[in-house]
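Descriptive structure summary
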Amino acid sequence: SRREGFSAIPNVKWDDVGGLHLLRKEFDRYIVRCIKFPEAYGDFGLDLATGFLLYGPPGCGKTLIAKAVANEAGANFIHIKGPELLNKYVGESELAVRTIFSRARTCSPCVLFFDEVDALTTERSKEGGWVVERLLNQLLIELDGSEQRRGVYVIGATNRPNVMDKAVLRPGRFGKLMYVPLPSPDERGMILKALARNKPIDANLDLIALAKDSRCDKFSGADLSALMNEAAMIALEDKLSSTDTSNSIQWAIKDAHFMSALDKISP
Ligand code: ATP
């Protein structure tokens, strides 16, 4: 896997994200335009040194939207997985936190994304003990140094906001909480459309209607992605096993392929 703190502009675009329009708007105001029009934001005295916490069930687009924010702003993106920072020798975790922030400053503007951030910020009295406590203190020091944080936008993601130390959720730290819910039936349609962007879809296939099928209830974005891939796989197998050599058939993903895929994929 890539070195910790590896930075690059991600290739996820807003068009790859289905639904989540309110979140997109908020990030546009707080991060994207701030990076694009720094003078205007400065003129209005807007102090945007805050962090964001995306919370909600797994697989609903937290990582995806963080990447899209960086792409849209033309900013670098650093992806840190919370638990990986913990699996270190004593003292190394704190150094890793310092190094990550310093690397983010070097390549600013930069979106610094902490996945499973709850692992680093469990309430201090609970699991983990003093290793977590030292790491957490270092993280708070970095988050509070807003002067040096210019150009570094911190976004955390968690499925368990309730186990996080309240100190981390203060303004200026991970102070702006944003809920990323399971998609509604309409939003499932938008996600399927986003996922279909690079796939051959039969013209008669109505993805919006399909998304309202009760068998898709409780599907997350990740489940819908698995469904789309399964349907594509079945469609491809149809094509490969066909004995037709006339090349007259337009091979595409059809309703029937989704029906078979729905037998295999469940939330
Ligand atoms: P976790 O909490 O497990 O880290 P997450 O909320 O960060 O999950 P993502 O990693 O963003 O979820 O989503 C996983 C995959 O599911 C994405 O790569 C994408 O294929 C699909 N997906 C999820 N949500 C959406 C969405 N809103 N639009 C399009 N695709 C989505």
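Described in the following lines is the structure provided in the data block. Just so it is clear, the model here is predicted, and its values are computed rather than measured.

With respect to the site of the ligand
Around the ligand, 18 residues are found, and the nearest of them are Gly18, Gly59, Lys62, Thr63 and Leu64. Take Leu64: an N or O atom from its main chain is 3.0 Å from an oxygen atom of the ligand. Summarising the interface, the protein chains cover 77% of the accessible area of the ligand, which totals 630 Å² for the free molecule. For the shell around the ligand, the secondary-structure elements that each account for two or more residues are α3 (62-73), α7 (185-195) and α9 (221-241). Residues belonging to the shell around the ligand are distributed by class as follows: 8 nonpolar, 7 polar and 3 charged.

Topic: the state of the cysteines
This structure, assessed with the given rule, holds 0 disulfides. Unpaired in this structure, Cys34 has its nearest cysteine sulfur neighbour in Cys110, at a distance of 14 Å. Owing to a relative accessible area of 12%, Cys34 belongs among the buried residues under this scheme. Free of any disulfide, Cys110 has its nearest neighbouring cysteine sulfur in Cys107, separated by 3.8 Å.

Examining helix α10 (residues 255-264)
Residues lying three or four places apart along an α-helix face the same way, a consequence of the helix completing one turn every 3.6 residues. Within α10 the residues assigned to the buried category are His257, Phe258, Ala261 and Leu262. Each buried residue of α10 lies within a common arc of 140° when the element is viewed along its axis, so the set occupies one face. For α10, the secondary structure elements touched by its buried residues are α8 (207-211) and α9.

Structural notes on the side chain of Arg188
Tracing the sequence through the fold places Arg188 in helix α7. A relative accessible area of 2% means that Arg188 is categorised as buried. Beyond its immediate sequence surroundings of up to four residues, Arg188 is in contact with Pro183, Ala211, Lys212, Asp213, Cys216, Asp217, Lys218, Phe219 and Leu224.

What about the packing of α7 against α9?
Relative orientation of the contacting elements α7 and α9 amounts to 50°, with a least axis distance of 10 Å. Classed by the angle they form, the pair α7 and α9 counts as oblique. The chirality of how α7 crosses α9 is right-handed. Contacts between α7 and α9 involve Arg188, Ile191, Leu192 and Leu195 from the former and Gly221, Leu224, Ser225 and Met228 from the latter. Looking at the contact of α7 with α9 residue by residue, the classes come out as 5 nonpolar, 2 polar and 1 charged.

Conventions and cut-offs
- Residues numbered from 1 in each chain as written.
- Predicted model: local features only at pLDDT ≥ 70, side-chain atom pairs only at ≥ 80, totals over all residues.
- Heavy atoms only, no water.
- Near = heavy atom within 4 Å.
- Polar contact = N/O pair within 3.5 Å; in protein donor to acceptor, adjacent residues only side chain to side chain.
- Areas by Shrake-Rupley, 256 points an atom, 1.4 Å probe, with all protein chains shown as cover.
- Helix = DSSP H or I, 4+ residues; strand = E, 2+ residues; numbered from the N terminus.
- Nonpolar A, V, L, I, M, F, W, Y, C, P; charged D, E, K, R; others polar.
- Disulfide = S-S within 2.5 Å.
- Buried < 20%, exposed > 50% of the residue type's maximum accessible area, 1.4 Å probe, protein only.
- Arc of directions from axis to C-beta.
- Contact = heavy atoms within 4.5 Å.
- Axes fitted to C-alpha atoms, helices over the stretch in contact; angles between N-to-C directions.
- Parallel < 35°, antiparallel > 145°, perpendicular 65-115°, else oblique.
- Left-handed = near helix turned anticlockwise from the far one by under 90°.

Distances and angles like these do not, on their own, reveal function.
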